[in-house]
Amino acid sequence: MIIGLTGSIASGKSLVSNYLKQKNYQIIDCDEISHYVLTIPSVILLLEKEFGKQIIIDGVVNRKLLAEIVFNDVEKKSQLELIVFPEILEEIKKQIKEKKGIVFLDAPLLFEYNLEYLTEKIIVVKSDKEVQIQRLIKRDNINEEYALKKIHSQLPIEEKEKYANFIIDNSLSIENTYNQVDQILKLLEEQ
């Protein structure tokens, strides 16, 4: 059974994903896959051609610089997606085939990239917006304006919640979040 795990940026999805790993559940991590895709030589060449030599440092894609470019230019964001998304999707499908039992597809942009068809159930992780902004500022060492730009680049959490089978509210304590995860796992194991 493939369970989609998603949520807005800095909502606590990684906390949930790491907890699932501790409990020995299988995770397909789309962030890891996207980082891997940026190491494929053919992808690097296409990115260099599209975004310029400055985004490649010692043969490695500078993800931070690339993110700054695409968050400020919708056309460039579309170009990036055209280059990397087919490779990401291919790797996701490959990993799905390799795994058995309950598998979590940790996909921050599950809905934005219409990946929900790959899943049987969906968990959405959310948190208070102010908490989310502060986490993002601290995590990425950015200002509030850039944090809001990142948040608004994704589908609003209220939209994601409409398609969720389960919602985890990560606005309170870590223990509270873990308890919510445990309740969902119990329901999933019973199916």
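Residues numbered from 1 in each chain as written. Predicted model: local features only at pLDDT ≥ 70, side-chain atom pairs only at ≥ 80, totals over all residues. Heavy atoms only, no water.

K.L.:
Which residues make up the pairing of strand E1 (residues 2-7), and what values go with them?
P.N.:
The element E1 is extensively covered by neighbouring structure, given that six of its six residues are classed as buried. Neither face of E1 is exposed, since Ile 2, Gly 4 and Thr 6 on one face and Ile 3, Leu 5 and Gly 7 on the opposite face are all buried. As judged from the four bridges shared by E1 and strand E5 (residues 103-106), these two strands associate in the parallel manner. Bridge pairing links Ile 3 to Phe 104 in E5. With five bridges joining them, E1 and strand E6 (residues 121-126) adopt parallel strand pairing. From the neighbouring strand, Gly 4 faces E6, where its bridge partner is Ile 122. (Buried < 20%, exposed > 50% of the residue type's maximum accessible area, 1.4 Å probe, protein only. Helix = DSSP H or I, 4+ residues; strand = E, 2+ residues; numbered from the N terminus. Pairing = 2+ DSSP bridges.)

K.L.:
Describe in detail the packing of aromatic side chains, supporting the description with residues and values.
P.N.:
With the rule as written, the count across this model stands at five aromatic pairs. Between the aromatic rings of Tyr 25 and Phe 104, the centroid separation amounts to 5.6 Å while the plane-to-plane angle is 85 degrees, which identifies the pairing as edge-to-face. Of this pair, Tyr 25 sits in the loop between helix H1 (13-22) and strand E2 (26-29) while Phe 104 sits in strand E5, placing them 79 residues apart in sequence. Each member of the pair, Tyr 25 together with Phe 104, is buried. (Phe/Tyr/Trp six-rings, centres within 6.5 Å; stacked < 30°, edge-to-face > 60°.)

K.L.:
Residues and numbers for unusual backbone geometry, please.
P.N.:
Unusually for a residue other than glycine, Asp 58 sits at a positive phi of about 50 degrees. Mapping Asp 58 onto the fold places it in the loop between strand E3 (56-57) and strand E4 (60-61). Positive phi, normally seen in glycine, also occurs at Asn 114, with a value near 55 degrees. In this fold, Asn 114 is placed in the loop between E5 and E6.

K.L.:
Which residues make up helix H9 (residues 174-190), and what are the values?
P.N.:
In a regular helix each residue adds 1.5 Å, so 17 residues correspond to 24 Å; H9 covers 25 Å between its end C-alpha atoms and thus fits that length. Burial in H9 covers these residues: Thr 177, Gln 180, Val 181, Ile 184, Leu 185 and Leu 188. Taken around the axis of H9, the buried residues stretch over an arc of 140 degrees, which confines them to a single face. Pointing more than 90 degrees away from the buried face of H9 are the exposed residues Glu 175, Gln 183, Lys 186 and Glu 190. (Expected span 1.5 Å × (residues − 1). Arc of directions from axis to C-beta.)

K.L.:
Tell me about the side chain of Lys 160, residues and numbers included.
P.N.:
Examined against the element boundaries, Lys 160 turns out to sit in helix H8 (residues 157-162). Only 3.3 Å separates the side chain of Lys 160 from the side chain of Glu 112, close enough to count as a polar contact. With near-sequence residues (within four places) excluded, Lys 160 lies in contact with Thr 6, Gly 7, Ser 8, Pro 108, Phe 111, Glu 112, Val 124, Gln 154 and Leu 155. (Polar contact = N/O pair within 3.5 Å; in protein donor to acceptor, adjacent residues only side chain to side chain. Contact = heavy atoms within 4.5 Å.)

K.L.:
An account of the sheet that holds strand E7 (residues 166-169) is needed here, citing residue identities and associated values.
P.N.:
Spatially, the five strands line up as an open sheet ordered E2-E5-E1-E6-E7, and their pairing is parallel. Either end of the sheet is taken by a strand with one partner, and the two such strands are E2 and E7. In this sheet, neighbouring strand axes are inclined to one another by 25 degrees on average, regardless of whether the strands run parallel or antiparallel. Along the sheet, H1 makes contact with E1, E2, E5, E6 and E7, crossing E1 at roughly 145 degrees. (Axes fitted to C-alpha atoms, helices over the stretch in contact; angles between N-to-C directions.)

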